[in-house]
Every structure is written in C-alpha cells, then in structure tokens.
Number of protein chains: 2
Amino acid sequence: MANVAAAPRRARAEFLADLISAGLLIPSGVDGAYGRGGTFEAVRAAVDAFVTRRSLNVRPERMAFPPVLPRRQLERIGYLSSFPHLAGTIFSFEGDEAEAAELERRVGAGEDWGGLQRQTDLVLVPAACYPVYPAVAARGPLPVGGLTVDLGGSYVFRNEPSCDPARWQMFHQREMIRLGAPDEVAGWRDAWAQRAVEIVGELGLEAAVDVATDPFFGRSGRLLARSQRSQSLKLELAVWISGDEPTAVASFNYHREHFSSVFDLREAGGEQAHTACVGFGLERVALALFSRHGLDPARWPADVTALLLP
Amino acid sequence: MANVAAAPRRARAEFLADLISAGLLIPSGVDGAYGRGGTFEAVRAAVDAFVTRRSLNVRPERMAFPPVLPRRQLERIGYLSSFPHLAGTIFSFEGDEAEAAELERRVGAGEDWGGLQRQTDLVLVPAACYPVYPAVAARGPLPVGGLTVDLGGSYVFRNEPSCDPARWQMFHQREMIRLGAPDEVAGWRDAWAQRAVEIVGELGLEAAVDVATDPFFGRSGRLLARSQRSQSLKLELAVWISGDEPTAVASFNYHREHFSSVFDLREAGGEQAHTACVGFGLERVALALFSRHGLDPARWPADVTALLLP
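Residues numbered from 1 in each chain as written. Chains lettered and ligands numbered in written order. Predicted model: local features only at pLDDT ≥ 70, side-chain atom pairs only at ≥ 80, totals over all residues. Heavy atoms only, no water.

> Explain the relation of the copies chain A and chain B here, please?
Expressed as a screw transformation, the operator carrying chain A onto chain B has a rotation angle of 180° and an axial translation of 0.0 Å, and the superposed copies differ by an RMSD of 0.0 Å. The superposition of one copy onto the other is thereby described by a two-fold rotation axis. No C-alpha of chain A approaches the rotation axis more nearly than that of A:I90, which lies at 2.5 Å. A symmetric contact is evident, with 100% of the interface residues of chain A recurring at the interface of chain B. (Least-squares fit on C-alpha atoms with pLDDT ≥ 70 in both. Contact = heavy atoms within 4.5 Å.)

Okay, structure coming up:
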C-alpha cells in the first residue's frame, strides 16, 4: 500500500463541489448525470486497464454490449419485481404529423409531453452482465470447464438521482462473468473478492469485503435481502470516498441457478450451470483515488501513478 | 490504398447473417441492438485509435459524457421539432408498493405496463456533441483561438429499428467539436472531411464525400433539409458496406450559430461563436472493413493491419 497520509475526510457536497471546480466532473443539471474531464477520464481508463492486468481470469472471452437491452429480457429476469424503482425504460414517439405538431407545441409551452411517447422494445441495461446469459445460452451447452466472459467497462443505468458524488445514474461497470459448475463458479467469485482487496490496496486504498444486499424494493424486498444475506450471495468491496460511510466500489455476486433457470444455461454434461459476476464501479474507484490522494494526479504518490500509468 | 481485389457485394440480410455466424455480432432479439464479439470490438477500438493518430486537431480538450442528457437540453435544442421520431426518452417507475404489485402482475401476465412508467428528467443522447455546448457555455467566453473538444468514442441512441446491418439503435460516434470564429470553424469542418477520405483510404476503403441532409421529420422537414443542403451544412463520407447503396460512415456538420444562439456561446471578444462537429460511426467503419477485407482480420491485407495494430 502506498505510504502516504490519508487526505482529510470531506462531506459529500463539499467533495462534489471540489471535483467540479477542478474540472474533473462536469455537471449536467441533473443529479447523478455527470460528464468527465480529461483527467478524470484518463484515471478511469487507467483503473480499467489495471484491473485487466491484475485479472484472475483464464482465457476469458471478450464481448461488449451497448447499454440497451430487449425489454423482454428484463421482464424474464424478474428485475421488475425486485427493482422496479431502478429500471429505466425507453419510450419514443410513433405518431403522425399532427401528433408531431402537438408534441412540438407542448415542448414549446413547457407542458408535459410524456403522454405522446410510447414504450419501445428496449430498456436500459441495469447490470452489465444481463445481456451475456441469453447470448451464451443461444450457443447451446457450455464448453468443458465452463466459460469466463470479460465485458470490459460497460455503461449501466439506475434511476436514482442523488447528490452523493459517488451515486451516478449512468456509470461504467468493469464486468466479468463466470458460468459453469457450482463449486468452480463460487470459488472464482470468492477469489476475485480477495484479489480486489489487493488491487485497490496496491493503489493506496484501504478496503474491506463484506456480505451485502441489493436494494430490493418494498417490504417483500426485505425478505429477498435477508435470504441473499444468509446465503452470502453478494459481497461488496467498500472504500471511503466522502461523507460518513464507506462506499461500495466493487461487487461479487453468486447467482446460483437464477440466470440458468431463466435462460437454460447448461454445463457440457447437461447439468444446470451456476453463474457469478464481478463488477468494479470504475468511476467510484477513480473517485476513491481522487479522495485519497488529492485532485491532481501529478501529485499522487509515485508508486500509485507508476502502477496506473506503467 | 490497400492493393486488394474488392470482396463480392452482398445483400444486407446475407451480410448480417454472416457477421452473426462468424461471432462478430451478437443478436439481441431486437433489430439494431447488437452485442459485439471480441474480434469486432478489437477492430472498433483500433479504428478509434487510428482516427486519433490521424487527427487534425491542435491541443484538443478531452471530455467524456454518458449517453444520457437532461431532457430540458433536448427540448431547448429543438431536436423534438426536427427529429421527434428518433428521440429516446427515459421513463421509470415512481409508484408505491401497491403499484409495484400491479406492475409485477402486468409483467407476469404479458400485459402492457408502460402506463406505470413516468417520464424522468433524462433522455438518451441522440448526437454525441450535444452535452458539450452547455458545458462549454457555462465557463463563459471561449479562449482566444476558440476551442476543440475531443469526446473519443461516445454512445448515441436513435429510435430506428432496422434489418440493415449498418443501422444500429445504439452505436459509437468518434466525435470532435470545434467552437470559434465562423471562417475558422467552417475551415476545420472542411479539412476534416478531406482528412477522413484519406483515413479510410489508407484502410483500403473507397469513399466519397458529398453534401447530405439529416432525416428531418415530415413535410416541414423537407424544407429544413432543402435549406441544409443549399448551405452545404452537412457533409457525409459514404462507403459501400452491403446492399445496393453506400452507407455514411462519418459526417461533418457546420451548425453556424444554431447551438450558440441556444446556449449563448461567445468568442473571447464577445462575438457569437460558430460551431461544427465531426463524427465517425465506429461500428460502421468496422463493418466496412469486414465487408471489404473479409470476416477474418488475420487474413486482411498486411498494410491495413499494420496501420490498425501498429
């Protein structure tokens, strides 16, 4: 770990204001929707590449998906039952010229025009791994030994406007997925959680892995969270960024047969496969670095910059 | 230009089927929404980097924006008047537990659940340059000599499901923007159009630049298109990919004072600035390369791969 004194702890609003005045973040006018200045973006890309260099994955298959997903897949996965409040769905205009004139009038008059929009076949991707399961299932059974997929940095959307500088509505997950035999998949998930502590530790961040839960909706969600916690299905890596509590910067999720039962993912021998995914929140790791080492990377500890920009 | 015989011309459906069976594209079940296999993604990234190496820009400022934009900005820019049919707006659920139960019931029963979604403050970015203008305007007047912004590869969304393998609903624009004095901005736009012919020519693609128009909506849109064409505001670089007609793989747009009048962009001396943008459709350039040189980059002409993977 880098041998430097910790930066003073800052309140969230103060840290956000500092990030903006340093040109690291560019406010859009909507909470949680930020542009990124060149310095922030260079650090984000460097973290992405550093995770790749420290990867545990053996011969991963590279795939990439846009941040849109067929609505039908979100319906099948059950996301709308567990997280109806976080989903973003895409609506568009499908009217004629008269309706277009009415749309233009409402926009000009500052009136609500949502009623002139229709739900399309696409939604926003809320978790980078979702497109992988149907894509892999369409090929038939997994190869012997299972499959590891590396998605690189992928945009995801969550409907949760927030003033917390670390809670964005659209951000990059550095995402990897393992599909195969239960023991093997669970072991991969656990090994990545340990590796993640080492990765951020090399960058000078003190981090801890703990059992966590997803933000399930409503009262029935509390039962889901209790079940998830009791089985240790979700682990999170937490680092202090700003405010009073540490922030999760990576998560390690063992889905058991959840996605396999929806998409009929099978091992080479025909058994139902298990799946797990690992995602680093790239913007959050970058924010943690700016919080820990200061807003100017030129003044970061030499061992940290040597690792990030080799 | 690479000295190779042209690949045979293919119909669009045939080319799309070939791309999928080669693992270059991954179908999602919705037209125009594709995942990308590792080989395709490597070529896309290589094209991105090659455009950067051949860039004309002098000391560009790097920025990056997510593919979401405040709805208010799309309203102010006039996009909903000119292209109401292409815009994608983001809706989400904001109900209570009873409404969440009804949402879950409708999803399970296969009923329409769009009525339980409300329009949010965010829309999808339809043109990568849009977030730049308010961000730059918020700083005050431009520096002396104006400003060049490089966004790298940025996702944009267009609501236009299509079976054309080159028409995607979400794709990357390799986007650059120039803001400053009218002559300087127009000259930059024209110089990039010429440079783009050279860039794709080095990669073995025969291309032509021509005056073009945007797909404005409806009858009044025809007037807008005529005005745009008569002033040569939009140039496009067209390359043959599949089907009977060439496909635009880059565009060069001189906006005159359009964005400056909305966001009050001024030169250092106080004059109203002009703006222009240049965007390469990265997936389309990659598709043109696969169409021209074949589906296996390992068998592409050595001079092309040497340029792309130096």
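Next comes the rest of the account.
> For this particular structure, what's the right way to read the packing of helix 2 (residues 38-53) of chain B against helix 10 (residues 282-293) of chain B?
Two quantities define a packed helix pair, namely the angle between the helix axes and the distance between the axes. Residue and element names in this part refer to chain B. Remark: helix 2 packs on helix 10, axes separated minimally by 9 Å, with the N-to-C direction vectors making an angle of 115°. By the criterion of interaxial angle, the relationship of helix 2 to helix 10 is roughly perpendicular. When the axes of helix 2 and helix 10 are compared, the crossing they make is right-handed. Contacts between helix 2 and helix 10 involve T39, F40, V43, R44, V47 and D48 from the former and L282, E283, V285, A286, L287, L289 and F290 from the latter. Its residues assigned to classes, the contact of helix 2 with helix 10 comprises 9 nonpolar, 1 polar and 3 charged. (Axes fitted to C-alpha atoms, helices over the stretch in contact; angles between N-to-C directions. Helix = DSSP H or I, 4+ residues; strand = E, 2+ residues; numbered from the N terminus. Parallel < 35°, antiparallel > 145°, perpendicular 65-115°, else oblique. Left-handed = near helix turned anticlockwise from the far one by under 90°. Nonpolar A, V, L, I, M, F, W, Y, C, P; charged D, E, K, R; others polar.)

> Help me understand the sheet that holds strand 8 (residues 170-180) of chain B, please; the structure alone is not making it clear to me.
Spatial ordering of the open sheet is given by 1(A)-2(A)-3(B)-7(B)-8(B)-12(B)-11(B)-10(B)-9(B), a layout of 9 strands whose pairing is mixed. Because the sheet does not close on itself, it has two edges, and the strands there are strand 1 (25-27) of chain A together with strand 9 (207-212) of chain B. Averaged over all pairs of adjacent strands, the angle between their axes in this sheet comes to 25°, without regard to strand direction. In terms of strand pairing, strand 7 (residues 147-157) of chain B meets strand 8 of chain B through 10 bridges, oriented antiparallel. Along strand 8 of chain B, the bridge assignment pairs B:T148 with B:R178. (Pairing = 2+ DSSP bridges.)

> Is there a simple way to explain the domain arrangement of chain A in this structure?
How big an interface is tends to be stated in terms of accessible area lost as the parts join. Residues and elements named next belong to chain A. The domain architecture assigned to chain A consists of domain 1 (12-88 + 126-308) and domain 2 (90-125). Each of domain 1 and domain 2 was reduced to a C-alpha centroid, and the two centroids are 33 Å apart. With 16 residues of domain 1 at the interface, the matching set in domain 2 holds 8 residues. A combined buried area of about 1000 Å² lies between domain 1 and domain 2, and 63% of that area is made up of carbon and sulfur atoms. It is V68, R71 and G88 in domain 1 that bury the most area against domain 2; as a group they hold 51% of the surface buried on that side. Across the domain 1-domain 2 interface, the total number found is 1 salt bridge. (Domains from an automatic or database assignment. Buried area = accessible area lost by both parts, 1.4 Å probe. Salt bridge = Lys/Arg side-chain N within 4 Å of Asp/Glu carboxyl O.)

> Looking at this structure, I do not really get the interface of chain A and chain B. What am I missing?
At the junction of the two partners, chain A supplies 57 residues and chain B supplies 57 residues. Both sides of the chain A and chain B interface together cover about 4700 Å² of buried area, and 67% of this is carbon and sulfur. When residues of chain A are sorted by the area they lose upon contact with chain B, A:F91, A:E97 and A:W113 head the list and together hold 12% of the total. The interface formed by chain A and chain B contains 3 salt bridges. As a salt-bridge pair, A:E41 and B:R62 come within 4.0 Å of each other at their nearest N and O atoms. At the surface where chain A touches chain B, the tally comes to 22 residue pairs in polar contact (both at pLDDT 80 or more). Tallied by class, the residues present in the side of chain A that touches chain B amount to 28 nonpolar, 18 polar and 11 charged. Pairing of strand 5 (residues 89-92) of chain A with strand 5 (residues 89-92) of chain B involves 3 bridges; the strand directions are antiparallel. When the bridges of strand 5 of chain B are listed, A:F91 appears paired with B:T89. (Polar contact = N/O pair within 3.5 Å; in protein donor to acceptor, adjacent residues only side chain to side chain.)

> I tried to follow the packing of aromatic side chains on my own but got confused; where do I start?
Describing an aromatic ring pair means giving the distance of the ring centres and the angle of the ring planes. Residues and elements named next belong to chain B. According to the stated counting rule, one finds 23 aromatic pairs over all chains in the structure shown. Measuring from centroid to centroid gives 5.7 Å for F40 and F290, while their planes differ by 15°, and the two rings are stacked. A residue pair is termed long-range when its members are at least 10 positions apart, and F40 in helix 2 and F290 in helix 10 qualify at 250 residues. With relative accessibility at 0%, the residue F290 sits in the buried group. Both rings, one in F290 and one in W300, keep their centres 5.3 Å apart while their planes meet at 65°; by these two values the pair is edge-to-face. (Phe/Tyr/Trp six-rings, centres within 6.5 Å; stacked < 30°, edge-to-face > 60°. Buried < 20%, exposed > 50% of the residue type's maximum accessible area, 1.4 Å probe, protein only.)

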